[in-house]
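Reading the structure
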Amino acid sequence: MASLALELMGFFLGLLGMLGTLVATVLPYWRTTAHIGSNIVTVVANLRGLWMECVYQSTGAFQCETYNSMLALPADLQASRALMVISVVLSILAIAIASIGMQCTLCLENAGTVKSRVAGAGGVLFLTAGFLALVPVAWTTHEVVQTFHSPNIPAGMKYELGECLYLGLASALISMLGGGLLSVSFCEEHEGGRGRRQGGGYPYPVGVNMSGTGARTTSQTYRNPTLQVGGINTPSRGQTLVRNTSSSESGAHEAPGAKKPTAAGYDITGYV
């Protein structure tokens, strides 16, 4: 039950992280104009993202223009594009794989440990997707902060951290957390299943004979040997040791005229 709860929580966290990463990838709010120094006019705000550059005016007008050439872009922007897209693709793939391997689904129901391994693979993909999304967000954040505090750059060319950087950071961490929960649930289920296999008791029911060709049943009844006469153990009705061995080919051989003992004892039945 605990592993099922971890799987559900990890799955929904990974799904939420994927949605946040997708929104952060598409929207242009990665860098916003810094209104400092002589650039105190707040009528116009410049916004820059991975795919477009926008201008927002206080009148409500919003104009965007996509980048004309991909190869003319800086290397860090191209790398950020690639990493964010790969992160979104891996998150979608992780959702599909985790849905197949979760305990609450009917896929691979009779596959044994394969189902839990599939769920663990989905968790690893969530972890990878979150890490890939974290790299461009941290990279861009470092660049914006470093540029903002540089004295050699004019105030009109400085930017501040946009909302998409915060969203991308939170989404990456949530994706990694969801992937970690899925992986932990797989480990717990694997350890629990192995413990149950090792700790299982004797699998055969007591006092039940197997019928079939070649099947043998050995029945042993041990009596309490505490009764003694004159310090010497003497067999009596309460001390009789009865041992029966039967198979499907031959019936049980009993001594003629023997009576079943009525004293309390232990009946141990097993298959040989």
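Residues numbered from 1 in each chain as written. Predicted model: local features only at pLDDT ≥ 70, side-chain atom pairs only at ≥ 80, totals over all residues. Heavy atoms only, no water.

**Some details on the UniProt feature "transmembrane region" (unreviewed entry) in the protein chain**
When the UniProt feature table is mapped onto this chain numbering, "transmembrane region" (unreviewed entry) sits at residues 12-30, 82-106, 118-139 and 165-187. Taken end to end, residues 12-30 is 79% helix and 0% strand, and its two terminal C-alpha atoms sit 26 Å from one another. (UniProt positions renumbered as here; feature names shortened; annotations may be inferred. Helix = DSSP H or I, 4+ residues; strand = E, 2+ residues; numbered from the N terminus.)

**Thoughts on the packing of helix H2 (residues 75-101) against helix H3 (residues 113-148)**
Running from N to C, H2 and H3 point in directions that differ by 160°, and their axes come no closer than 8 Å. Put simply, H2 runs roughly antiparallel to H3. In this structure, the crossing between H2 and H3 has a hand that is left-handed. Taken together, the residues that form the contact of H2 with H3 break down as 22 nonpolar, nine polar and three charged. (Axes fitted to C-alpha atoms, helices over the stretch in contact; angles between N-to-C directions. Parallel < 35°, antiparallel > 145°, perpendicular 65-115°, else oblique. Left-handed = near helix turned anticlockwise from the far one by under 90°. Nonpolar A, V, L, I, M, F, W, Y, C, P; charged D, E, K, R; others polar.)

**Some thoughts on a nonpolar patch on the surface**
A surface patch of nonpolar side chains, about 360 Å² in accessible area, is lined by Leu22, Val23, Val26, Leu27 and Leu167. The greatest single-element share of the nonpolar patch, amounting to three residues, is contributed by helix H1 (residues 2-26). Assignment of secondary structure puts Val26 in helix H1. (Patch = residues over 30% accessible without salt bridge, like charges linked within 9 Å, V, L, I, M, F, W, Y side chains within 5 Å. Areas by Shrake-Rupley, 256 points an atom, 1.4 Å probe, with all protein chains shown as cover. Salt bridge = Lys/Arg side-chain N within 4 Å of Asp/Glu carboxyl O.)

**Overview of the state of the cysteines**
Applying the stated criterion across every chain, the model contains one disulfide. Paired by a disulfide, Cys54 and Cys64 hold their sulfur atoms 2.0 Å apart. On the sign convention where negative means left-handed, the S-S torsion of about 110° between Cys54 and Cys64 marks this disulfide as right-handed. Here Cys54, found in strand E3 (residues 52-57), pairs with Cys64, found in strand E4 (residues 62-66); they are ten residues apart in sequence, far enough to count as distant. The class of Cys54 is buried, set by a relative accessible area of 0%. The class of Cys64 is partly exposed, set by a relative accessible area of 39%. (Disulfide = S-S within 2.5 Å. Buried < 20%, exposed > 50% of the residue type's maximum accessible area, 1.4 Å probe, protein only.)

**Let's talk about the layout of surface pockets**
Approximately 210 Å³ is the volume attributed to the second largest pocket. Around the second largest pocket sit 13 residues that line it, and Arg31, Arg48, Asp76, Leu77 and Glu143 are the ones nearest its centre. Put simply, the parts of the chain that give the lining of the second largest pocket at least two residues each are H2 and H3. For the lining of the second largest pocket, the residue count by class is six nonpolar, three polar and four charged. (1 Å grid on protein atoms, 1.4 Å probe; cavity = no way out; pocket = protein on both sides within 12 Å on 5 of 7 lines; lining within 4 Å. Points joined across faces, edges and corners; volume = space filled by probe spheres on them.)

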